[in-house]
Amino acid sequence: MIIRGRCVKPEATFEVVNPATGRFLANAPDATPKQLDDTMEGALAAFHSWKVDDAARVAAMYAAAEVMERHAADLAQILTAEQGKPLRESVAEVETTARWFRWYADLDITPEVAEDSDVRRVVVHRRPLGPVIAIAPWNFPIQSAGKKAAQALRVGNTVVVKPSPFTPLATLKWVEVLQGVLAPGVVSALSGGAQLGSWMTSHPLTRKISFTGSTATGKLVAAAAVPDLKRTTLELGGNDAAIVLDDADPAAIAAGIFDRGFVNCGQTCAAIKRVYVPEKLHDELVDALAAIADNKVVGVGTDPTTDYGPVNNRIQLGIVTDLVEDALHKGAHAAAGGTRHDGEGYFYRPTILSNLDDGVRIVDEEQFGPALPVMSYKTLDEALARANDSKYGLGGSVWTSDLERGEAVADRIEAGTVWVNNHAQTLPHQPFAGAKWSGIGVENSRLGMLEFTQVQAVHVAR
Ligand code: NAD
């Protein structure tokens, strides 16, 4: 744990498992309420100086980006060991985080002058909130916490990071690395279980909760924020639909759909989680997707030939296995995969399911793993109605040879982000905001950063 700039020896620990072996990897610190108090007080003390000097913040964020890039290879080793993803993707995760730090460092945050007339001057400031907590899931541990930190820090907040108990190690190391360039208390990190999360969300010194995780936990976080009216941003689950239009060429789009469905072994909030394809293109697309799946190498993340590592944890493997078995039991066809992959870890073959429909659990629920159902449709209106008939609204996509038509169809998808001929690509300048049960508020872009601020209008009468 990193508290007030120092690595603190834990009083208690919990075990972290390597998903590629299913065996013990290392012990992680299990933070106590007293250590949380100390961390929050340290974050508040640091806030008073961090918030005042914009130029110093920009310089520190540049230094932070540089130091994380310098340690990318070491951080990636830890990340792959606890998360399972291929090493090159772990390196990319650290590098993406560094890019986010630079992008926010470069952002102009000059206050807006709303009026400057003979009678008055009105200036709209965006003031920082104070200590922010960043609660992250296990799929992109460093990136998820890091993007939050970049946005919060830029506008003068301090940050306390809580990684998932499945993947605490790389995040703790990442925050340790940052201590070389940030003042004590500017970024801290505590690990622990769900209990730590709820202590943090109800802590009196927490001024903002930036949470990424499941919808079920997001609702608990929202409820915990109410008594103290803490600001919250919730980035939650999704069940993104990809709609293939009748002008699309299955051979041309299959690789893109596959890649965006199985990104991070399907453990991506805004991955494609169900595909709707016109009847006449269905078989060709399923065959093309299945051929790609059959050629993918599943294995340990440290092997450079590996395309997909293991599912991150036993619980998630159980969810994916149950959903696929339920679909097969109800008559679905596994065009590829449908089983676990050999090996002692939590490996699962990339799975393409056909001959199934809405109402089957894997279509209606979030699988968050390497299995993708493909359904046929008769009319576009029907496909849109089925895509939108979901409690979730994180992302969606349209696949077509006609970009103008694709954009018009995108307008009709109820989701925070809709891609045409792409999916699950996030960019620092592109806002990311879940609709319906997929979240509250925005991350990324200037809009996301502003969620870490309080508006203050200063009105000077002349
Ligand atoms: P999770 O909700 O189980 O856990 C997320 C984090 O919340 C963990 O750090 C966990 O320890 C913590 N937590 C648990 N109980 C808590 C509580 N009562 N109060 C505060 N914190 C608590 O989610 P997960 O299984 O780690 O991640 C997978 C889910 O996250 C999927 O549903 C996925 O779609 C979603 N996700 C969403 C986005 C997004 O940006 N919308 C991104 C990645 C993942």
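Nothing here was measured: the structure is a model prediction, and the numbers come from that model.

(A) Inspection of the site of the ligand at higher detail. Residues in close proximity to the ligand total 28 residues, the closest being Ala136, Ser214, Thr217, Leu236 and Glu366. Between Ser214 and the ligand, the recorded distance is 2.7 Å, taken from a side-chain N or O atom to an oxygen atom. At 2.8 Å, a side-chain N or O of Thr217 approaches an oxygen atom of the ligand. The fraction of the free accessible surface of the ligand (850 Å²) that becomes covered by protein chains is 87%. Looking at side-chain class alone, the shell around the ligand contains 15 nonpolar, ten polar and three charged residues. The residues that make up the shell around the ligand include at least three from each of domain 1 (2–236 + 438–461) and domain 2 (241–427).

(B) Inspection of helix H13 (residues 380–388) at higher detail. Here H13 has its buried residues at Leu380, Ala383, Leu384, Arg386, Ala387 and Asn388. Buried positions along H13 lie against strand S12 (241–244), strand S13 (274–278), strand S16 (371–377), helix H14 (403–410) and strand S20 (435–436).

(C) How the structure looks around the UniProt feature "active site" (unreviewed entry) in the protein chain. Taking the numbering used here, the UniProt-annotated feature "active site" (unreviewed entry) corresponds to Glu235. With relative accessibility at 4%, the residue Glu235 sits in the buried group. When residues no more than four places from it in sequence are discounted, the contact partners of Glu235 are Phe211, Thr212, Gly213, Phe432, Gly434, Ser438, Gly441, Val442 and Glu443.

(D) View of the sheet that holds S13. What the seven strands build is an open sheet, ordered S14-S15-S16-S13-S12-S18-S19; its pairing is mixed. Edge positions in the sheet fall to strand S14 (333–336) and strand S19 (417–420), since each of these pairs with one other strand and no more. Between one strand and the next, the sheet's axes are offset by a mean angle of 25°, whatever the strand orientation. Each of S12, S13 and S16 is contacted by H13, which is oriented at about 145° to S16, the strand it contacts most. Against the sheet, H14 makes contact with strand S18 (395–399) and S19, and its axis sits at roughly 160° relative to S19, the strand it touches most.

(E) Expanded view of the pairing of strand S4 (residues 23–29). Here strand S3 (residues 13–18) runs beside S4; their pairing, made up of six bridges, is antiparallel. For Val17, the partnering residue across the bridge sits in S4 and is Phe24.

(F) A negative patch on the surface, seen in detail. Taken together, the side chains of Asp249, Asp283, Glu284 and Asp287 present a region of like negative charge at the surface. Relative to the helices and strands, Glu284 resides in helix H10 (residues 279–295). With relative accessibility at 42%, the residue Glu284 sits in the partly exposed group.

(G) Examining a nonpolar patch on the surface more closely. Taken together, the side chains of Phe166, Ile315 and Ile319 present a nonpolar region at the surface, about 260 Å² in accessible area. Secondary-structure assignment places Phe166 in the loop between strand S8 (158–162) and helix H6 (169–178). Classification of Phe166 as partly exposed rests on a relative accessible area of 32%.

(H) Seen up close, the UniProt feature "domain: Aldehyde dehydrogenase" (unreviewed entry) in the protein chain. Mapped onto the present numbering, the UniProt feature "domain: Aldehyde dehydrogenase" (unreviewed entry) falls at residues 12–458. Between the end C-alpha atoms of residues 12–458 there is a gap of 49 Å, over a span that is 40% helix and 21% strand.

(I) A look at the pairing of S19. In S19, alternate side chains face the same way, and those of Thr417 and Trp419 are buried while those of Val418 and Val420 on the opposite face are not. Where S18 and S19 come together, four bridges link them in parallel fashion. Within S19, the residue paired with Gly395 across the bridge is Thr417. Crossover S18 to S19 through H14 is right-handed.

(J) Examining the packing of aromatic side chains more closely. Applying the stated criterion across every chain yields a total of six aromatic pairs. Aromatic pair Phe101 and Trp174: ring centres 6.5 Å apart, planes at 85°, arrangement edge-to-face. On the criterion of sequence distance, the pair formed by Phe101 in helix H4 (residues 87–105) and Trp174 in helix H6 is long-range, its members being 73 residues apart. Taken together, a centroid distance of 4.9 Å and an interplanar angle of 85° make the contact between Trp103 and Tyr104 edge-to-face. In this structure Trp103 comes out as partly exposed when scored by relative accessible area, which is 25%. Relative accessible area serves as the criterion here: at 0%, Tyr104 is assigned to the buried category. Taken together through their ring pairs, the aromatic side chains of Phe258, Phe262 and Tyr308 make up a single cluster. Its end group placed over the ring of Phe452, Lys208 keeps NZ or CZ at 4.9 Å from the ring centre. One residue, Lys219, lies across the ring of Trp437, its end atom 3.3 Å from the ring centre.

What counts and what doesn't
- Residues numbered from 1 in each chain as written.
- Predicted model: local features only at pLDDT ≥ 70, side-chain atom pairs only at ≥ 80, totals over all residues.
- Heavy atoms only, no water.
- Near = heavy atom within 4 Å.
- Polar contact = N/O pair within 3.5 Å; in protein donor to acceptor, adjacent residues only side chain to side chain.
- Areas by Shrake-Rupley, 256 points an atom, 1.4 Å probe, with all protein chains shown as cover.
- Nonpolar A, V, L, I, M, F, W, Y, C, P; charged D, E, K, R; others polar.
- Domains from an automatic or database assignment.
- Buried < 20%, exposed > 50% of the residue type's maximum accessible area, 1.4 Å probe, protein only.
- Helix = DSSP H or I, 4+ residues; strand = E, 2+ residues; numbered from the N terminus.
- Contact = heavy atoms within 4.5 Å.
- UniProt positions renumbered as here; feature names shortened; annotations may be inferred.
- Pairing = 2+ DSSP bridges.
- Axes fitted to C-alpha atoms, helices over the stretch in contact; angles between N-to-C directions.
- Patch = residues over 30% accessible without salt bridge, like charges linked within 9 Å, V, L, I, M, F, W, Y side chains within 5 Å.
- Salt bridge = Lys/Arg side-chain N within 4 Å of Asp/Glu carboxyl O.
- Lys, Arg positive; Asp, Glu negative; His and termini not counted.
- Charge placed at Lys NZ, Arg CZ, Asp CG, Glu CD.
- Right-handed = clockwise from strand over helix to strand, strands pointing away.
- Phe/Tyr/Trp six-rings, centres within 6.5 Å; stacked < 30°, edge-to-face > 60°.
- Lys NZ or Arg CZ within 6 Å of the ring centre and 35° of its normal.

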